[in-house]
Amino acid sequence: MNNIFNLTLEEIEDYLISNNSKKFHALQLFEWLYIKRVESFSEMSNLSHDLIDLLKNNFSIDRLKVVDVQDDKDVSKYLFELHDGEHIEAVLMKHDYGNSICVSSQVGCNMGCKFCESGRRKKVRNLETYEMVLQILMIEELLGERISHVVVMGIGEPFDNYDNLIKFFKIINHPKGLAIGSRHITVSTCGVVPKILEFSDFPLQVNLAVSLHAPNNEIRDKIMPINKVYRIEELFKALKYYYNKTNRRLTFEYIMLKDINDSDECARELANLVKDMNCYINLIPYNETNNIDFKRTNTIQLMKFYDILKMNNINVTIRREFGGKISAACGQLRSKKEEL
Ligand code: SAH
């Protein structure tokens, strides 16, 4: 049965109209789901019995099961069980500016980035919209605090699950939904060019981050198989199109991998590559894992790389590290059953 948390407000309106009900009940329903947070249709006391029956017979209102929570200072990792028994993880980070959640978009991932632990399990399926929405809604409730920021940077390639992702944005952004401001939402892609082009027309001001991780095709080919499909030139052409359409500043993520992409020469090449773009570069200290051979760049070289970018007038930041102890750091999320 379709889960009610899959539907945007417009979809609920259309559903009601085509079932001889009134459009305005959609907003009431949204309020019950996202503001009053009821767990059954029967509690929606301003809807008629007929409408409640219609909803009951056609939608489930089930939530996910939280099977584990691990805490490490300002970070918590939540393990959810889905209705088909699969598991996904989401990470809560407490910042001084608010609570942020890193959401997963797929069970497994097919992008095969060599350095990424999360991608060692092939994609099993896309997450449905409700499975993304409920990661936020449920953590908000468990925490008893509002979530103000969302990054789609957990397990999966969000642009390989585009339609569900877009519905997810519409629901969490809606003032009567989770009311998370679009500028507080960021989606990260490894560079699925056709979807970057499509995303250029998406009206909400959601931020785009691109996992670049290399200043040229030669290095990128070695660590990111997607680069064989969409070369850097094609990726940048799409990003320029995106920028011209949206005027939104891009973020490039760049993991610092020892002796792979962290030389001074790489920094200069990177500066040259992005010099015409309105962008930030976010340097990410690599989180080493037991299963993968890559090593992290030492701090001295990291700072040198940073300085070279700065001297070339590139906006650059170094990502603050979070959650290493509970395997909640970037690229370390894996569903529990897969831990080898
Ligand atoms: N598929 C999307 C989103 C998920 S990954 C993407 O590729 O952008 C989120 C970020 O974590 C990506 O930039 C990814 O390259 C990075 N990452 C993966 N493994 C990592 C690791 N071990 N240490 C640090 N960052 C990692």
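What you see is a predicted model; the values in this text were computed from it and never measured. Each chain has its residues counted from 1, following the order in which its sequence is written. Whole-chain, interface and lining totals are the exception, using all residues; otherwise, since this is a predicted model, local features are given only for residues with pLDDT of at least 70 and side-chain atom pairs are given and counted only at 80 or more. Each side-chain value is derived from all of the structure's non-hydrogen atoms; neither hydrogens nor water enter the calculation.

*Asks:* Which residues make up the pairing of strand β3 (residues 65–72), and what values do they have?
*Replies:* The two faces of a sheet get side chains in turn, since along a regular strand they alternate between them. Direction of pairing for β3 relative to strand β4 (residues 75–81): antiparallel, over a ladder of seven bridges. If you follow K65 over to β4, its bridge partner there is E81. Two strands qualify as a pair provided that DSSP identifies no fewer than 2 bridges between them. Secondary structure is summarised from DSSP: a helix means a run of H or I of at least four residues, a strand means a run of E of at least two, and numbering begins at the N terminus for each. Remark: two residues form the turn of the hairpin made by β3 and β4, two consecutive strands paired antiparallel; K73 in that turn has positive phi of roughly 50 degrees.

*Asks:* Any chance you could break down the nonpolar core for me, citing the residues and the numbers?
*Replies:* Core analysis: the largest hydrophobic core is formed by 108 residues, its most contacted members being F168, F169, F199 and F252. Here this core takes eight residues from helix α4 (residues 129–143), the largest share from any one element. Pairs of residues are marked as contacts when any of their non-hydrogen atoms sit within 4.5 Å. Contacts of F169, omitting those with residues within four sequence positions, involve V152, I185, V187, F199, F202, L204 and V206. Among buried residues, those of type Ala, Val, Leu, Ile, Met, Phe, Trp, Tyr and Cys that are joined through side-chain atoms within 4.5 Å constitute a nonpolar core. Partly exposed describes any residue whose relative accessible area lies between the buried limit of under 20% and the exposed limit of over 50%, with all areas from a 1.4 Å probe on protein chains only and scaled to the type maximum. V91, V151, I155 and L333 belong to the second largest nonpolar core, which has eight residues in total.

*Asks:* Break down helix α5 (residues 162–173) for me, citing the residues and quoting the values.
*Replies:* Counted at 1.5 Å a residue, the expected span for α5 with its 12 residues is 16 Å, and the 16 Å between its end C-alpha atoms agrees. Counted residue by residue, α5 has nine buried out of 12 residues, so it is predominantly covered. Every buried residue belonging to α5 is among Y162, L165, I166, K167, F168, F169, I171, I172 and N173, and all of these are buried. For α5, the elements touching its buried residues are α1 (9–18), α2 (25–35), α4, β9 (149–152), β10 (185–189) and α6 (193–199). Each helix should span, by expectation, one fewer than its residue count multiplied by 1.5 Å.

*Asks:* Tell me about the side chain of S200, and name the residues and values.
*Replies:* Turning to its location among the elements, S200 is positioned in the loop between α6 and β11 (207–211). Polar contacts here mean pairs of N or O atoms no more than 3.5 Å apart (in protein, one a potential hydrogen donor and the other a potential acceptor; neighbouring residues in sequence count only if both atoms are side-chain atoms). At a separation of 2.9 Å, a polar atom in the side chain of S200 contacts the main-chain carbonyl oxygen of I196. Excluding anything up to four places from it in sequence, S200 contacts Y241, Y242, K245 and T246.

*Asks:* Can you lay out the site of the ligand for me, pointing to particular residues and giving the numbers?
*Replies:* Nearness is defined per residue: one heavy atom within 4 Å of the molecule or strand is enough. If you check the shell around the ligand, you find 19 residues, and the closest are E157, S188, S211, H213 and Y286. For the ligand, whose free accessible area comes to 530 Å², the fraction covered by protein is 96%. Polar here means any residue other than Ala, Val, Leu, Ile, Met, Phe, Trp, Tyr, Cys and Pro, which are nonpolar, and Asp, Glu, Lys and Arg, which are charged; Gly is therefore polar. Tallied by class, the residues present in the shell around the ligand amount to nine nonpolar, eight polar and two charged. Residue-level accessible areas treat just the shown protein chains as cover; the underlying method is Shrake-Rupley with a 1.4 Å probe.

*Asks:* Provide a residue-level description of the sheet that holds β10, including the pertinent values.
*Replies:* Strands in a sheet are paired, the pairing made by backbone hydrogen bonds, and the direction either parallel or antiparallel. On the basis of which strands lie adjacent, the open sheet formed by 10 strands has the order β3-β4-β5-β6-β9-β10-β11-β12-β13-β14 and mixed pairing. Strands with a single pairing partner mark the edges of an open sheet, and in this sheet they are β3 and β14 (315–318). On average, each strand axis in the sheet is tilted by 20 degrees relative to the strand beside it, whichever way the strands run. As paired elements, β4 and strand β5 (residues 87–95) share seven bridges and run antiparallel to each other. With axes taken as lines fitted to C-alpha atoms, and helix axes fitted only over the stretch in contact, angles between N-to-C directions fall between 0 and 180 degrees.

*Asks:* Report on helix α11 (residues 299–311), specifying residues and quantitative values.
*Replies:* Residues lying three or four places apart along an α-helix face the same way, a consequence of the helix completing one turn every 3.6 residues. With 13 residues, α11 ought to run about 18 Å at 1.5 Å a step, and its terminal C-alpha atoms sit 18 Å apart, in line with that. Inspection of α11 places Q301, L302, F305, Y306, I308 and L309 among the buried residues, and these make up the whole buried set. One side of α11 carries all its buried residues, which in axial view fall inside an arc of 160 degrees. Facing away from the buried surface of α11 by more than 90 degrees, the exposed residues are T299, I300 and M311. Where α11 is buried, its residues touch β12 (250–256), α10 (264–274), β13 (279–285) and β14. Measuring from the side-chain oxygen of the N-cap residue of α11 to the backbone nitrogen of I300 gives 3.2 Å; that N-cap residue is N298. An arc is given here, and it is the one of the directions from the helix axis to the C-beta atoms.

*Asks:* Run through the state of the cysteines, naming residues and quoting values.
*Replies:* When the sulfur atoms of two cysteines come within 2.5 Å, that pair is taken as a disulfide. Scanning the model with the defined rule gives zero disulfides in all. Considering cysteine sulfurs only, C190 is the nearest to C113, which forms no disulfide, with 5.4 Å between them.

*Asks:* For unusual backbone geometry, give the residues involved together with the corresponding values.
*Replies:* The phi dihedral of K73 falls on the positive side, at around 50 degrees, and the residue is not glycine. The backbone phi angle of D259 is positive, close to 60 degrees, even though this residue is not glycine. Among the secondary structure elements, D259 is positioned in the loop between β12 and α10.

*Asks:* Now, about the packing of aromatic side chains: what can you tell me, with residues and values included?
*Replies:* Two rings from Phe, Tyr or Trp (for Trp, the six-membered ring) form a pair when their centres are within 6.5 Å of each other. A pair whose planes differ by under 30 degrees is stacked, one over 60 is edge-to-face, and the rest are tilted. Within the structure shown, the criterion is met by 13 aromatic pairs. Ring geometry for F199 versus Y242: centroids 6.1 Å apart, planes at 0 degrees, classification stacked. Taken together, the residues span a long stretch of sequence, with F199 in helix α6 and Y242 in helix α9 (residues 232–246) at a distance of 43 residues. Aromatic rings pair up to connect F159, Y162, F168, F169, F199, F202 and Y242 into one cluster. Here, over-ring charges are defined by two tests on the NZ atom of lysine or the CZ atom of arginine: distance to the ring centre within 6 Å, and angle to the ring normal within 35 degrees. Just above the ring of W32 sits the side chain of K36; from NZ or CZ to the centre is 3.9 Å. Stacked on the ring of F199, the Lys or Arg R248 has its end atom at 5.9 Å from the ring centre.

*Asks:* An account of the side chain of S76 is needed here, citing residue identities and associated values.
*Replies:* Tracing the sequence through the fold places S76 in strand β4. At 2.6 Å, the side chain of S76 and the side chain of D71 are in polar contact.

*Asks:* Please give an account of the packing of α10 against α11 that cites residues and values.
*Replies:* As a packed pair, α10 and α11 sit with axes 9 Å apart at the nearest point and diverge in direction by 30 degrees. The angle between α10 and α11 places the two elements in the roughly parallel class. Read as a crossing pair, α10 and α11 show a hand that is right-handed. Contacts between α10 and α11 involve D264, C266, A267, R268, L270 and A271 on the former and, on the latter, Q301, K304, F305, I308 and L309. A breakdown of the residues in the contact of α10 with α11 according to their chemical character gives seven nonpolar, one polar and three charged. Convention used here: angles under 35 degrees read as roughly parallel, angles over 145 as roughly antiparallel, angles from 65 to 115 as roughly perpendicular, and any remaining angle as oblique. Here a crossing is called left-handed whenever its near helix is offset anticlockwise from the far helix by less than a right angle, and right-handed whenever the offset is clockwise.

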